[in-house]
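Remarks on the overall topology
Chain by chain, the residues run as shown.
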Amino acid sequence: TAGMPSTLNYGGNYWDLKLNTTDETIVKSAKVNVIRTGFSTHAMSMGQRFLELETSYTIDPDSNTTTLHVSQMPPNAALFPPGPAMLFLVLDGVPSWGQYVIVGSGNIGTQPTAAAQALPESSTLVSASAASASAAAASQTDTAKNGGSTAVSQNATSGALGGVLSSRTVMSAVLVMCMMSFLL
């Protein structure tokens, strides 16, 4: 739970949390929950709240870490009134230790709100070794197409080294490479 904020705002910029894993199954299961346990009076428990914050992720195989991008509270104080709460990271159904946070200003009354910032799409960065292998495969493909010349197209190089690729893009590239090797 290191890296969790001590306050959550109603809307605004998302925040990042580092995870020491690149296992996509675990990362996809990640949830960040805000819970208020409520209070009891005259045998009645009131004020309980539970809210799951929106998340996306960026997996970095070179550093063996994942950055979990987490939204702030929705820009509506009626969904989760201001005050103390507990923040939990849940991975593969297992919750972390709770982190106490203050939601909004922490006081009852009109709360400052901001438009919620859109989260980046979930993605996996291309590792240096995978980029080299992809560039080499693209070079071999271009060499075969160009009648044996060794020119590598600008698109193949920039695509292989271009940074962030969605899992759909990576799967498409693998499928194309398999089909090319079958045809050769």
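Residues numbered from 1 in each chain as written. Predicted model: local features only at pLDDT ≥ 70, side-chain atom pairs only at ≥ 80, totals over all residues. Heavy atoms only, no water.

**Topic: the overall build of the protein chain**
The helix and strand inventory of the protein chain stands at four helices and 15 strands. Classification of the 184 residues of the protein chain by burial places 29% in the buried group. Partitioning the intrachain contacts of the protein chain with sequence separation of at least 6 by distance along the chain shows that 66% fall at a separation of at least 24. Carbon together with sulfur atoms contributes 58% to the accessible area of the protein chain, which is approximately 11,200 Å² in total. (Helix = DSSP H or I, 4+ residues; strand = E, 2+ residues; numbered from the N terminus. Buried < 20%, exposed > 50% of the residue type's maximum accessible area, 1.4 Å probe, protein only. Contact = heavy atoms within 4.5 Å. Areas by Shrake-Rupley, 256 points an atom, 1.4 Å probe, with all protein chains shown as cover.)

**Observations regarding the environment of Gly109**
Note that Gly109 resides in the loop between strand E12 (99-103) and strand E13 (113-116). Look at Gly109 and you get partly exposed, because its relative accessible area is 45%. Separated by 27 residues in the primary sequence, Gly109 and Pro82 place their C-alpha atoms 8.4 Å from one another.

**Structural notes on the pairing of strand E4 (residues 31-36)**
With five bridges joining them, E4 and strand E10 (residues 83-91) adopt antiparallel strand pairing. What sits directly across from Val32, in E10, is Leu89. Two strands pair when backbone bridges link them, and E4 and strand E7 (residues 49-53) are joined in this way by five bridges, in the antiparallel orientation. Paired with Val32 across the bridge in E7 is Leu53. (Pairing = 2+ DSSP bridges.)

**Notes on the nonpolar core**
Counting residues in hydrophobic clusters, the biggest one holds 23 residues, and the most contacted among them are Val34, Leu53, Leu68, Met73 and Leu87. Elements supplying a minimum of two residues to this core: strand E3 (15-19), E4, E7, strand E8 (55-60), strand E9 (65-70), E10 and E12. If we ignore the near neighbours within four places in the chain, the residues touching Leu53 are Leu8, Val32, Val34, Val70, Ser71, Gln72, Met73 and Leu87. (Core = buried A, V, L, I, M, F, W, Y, C linked by side-chain atoms within 4.5 Å.)

**A look at the pattern of salt bridges**
Under the criterion given, the structure shown has one salt bridge. Note that Glu24 is salt-bridged to Lys28, the shortest N-O span being 3.9 Å. Within this pair, Glu24 and its partner Lys28 are both found in helix H1 (residues 24-28), separated by four residues, close to a single helical turn. Of the residues examined, Glu24 reaches a relative accessible area of 28% and is grouped as partly exposed. Its relative accessible area of 56% is what places Lys28 among the exposed residues. (Salt bridge = Lys/Arg side-chain N within 4 Å of Asp/Glu carboxyl O.)

**What to know about the environment of Leu87**
Following the sequence through the fold, Leu87 ends up in strand E10. For the pair formed by Leu87 and Ile35, sequence separation is 52 residues and the distance between their alpha carbons is 6.5 Å. Setting aside anything within four residues of it in sequence, one finds Leu87 in contact with Met4, Pro5, Leu8, Trp15, Val32, Asn33, Val34, Leu53, Trp97, Gly98, Gln99 and Val101.

**Let's talk about the side chain of Thr66**
With respect to the element layout, Thr66 can be found in strand E9. In this view, Thr66 contacts Leu17, Lys18, Leu19, Thr21, Thr22, Val27, Tyr57, Thr58 and Ile59; residues no more than four positions away in its chain are not counted.

**Points about unusual backbone geometry**
Residue Asn64 is not a glycine yet carries a positive backbone phi of 60 degrees. The topology assignment puts Asn64 in the loop between E8 and E9. Located in the positive-phi region is Asp92, a residue other than glycine, with phi close to 55 degrees. Structurally, Asp92 can be placed in the loop between E10 and strand E11 (94-95).

**Some thoughts on a nonpolar patch on the surface**
Taken together, the side chains of Phe39, Met44 and Met46 present a nonpolar region at the surface, about 310 Å² in accessible area. Summarising the element assignment, Phe39 is placed in strand E5 (residues 39-41). (Patch = residues over 30% accessible without salt bridge, like charges linked within 9 Å, V, L, I, M, F, W, Y side chains within 5 Å.)

**A short note on the confidence of the model for the protein chain**
When the pLDDT values of the protein chain are averaged, the result is 78; 68% of them are 70 or greater. Note on residues 148-184: pLDDT under 50 across the span, and 30 contacts to partners over four residues away in sequence or across chains. (pLDDT = per-residue confidence, 0-100.)

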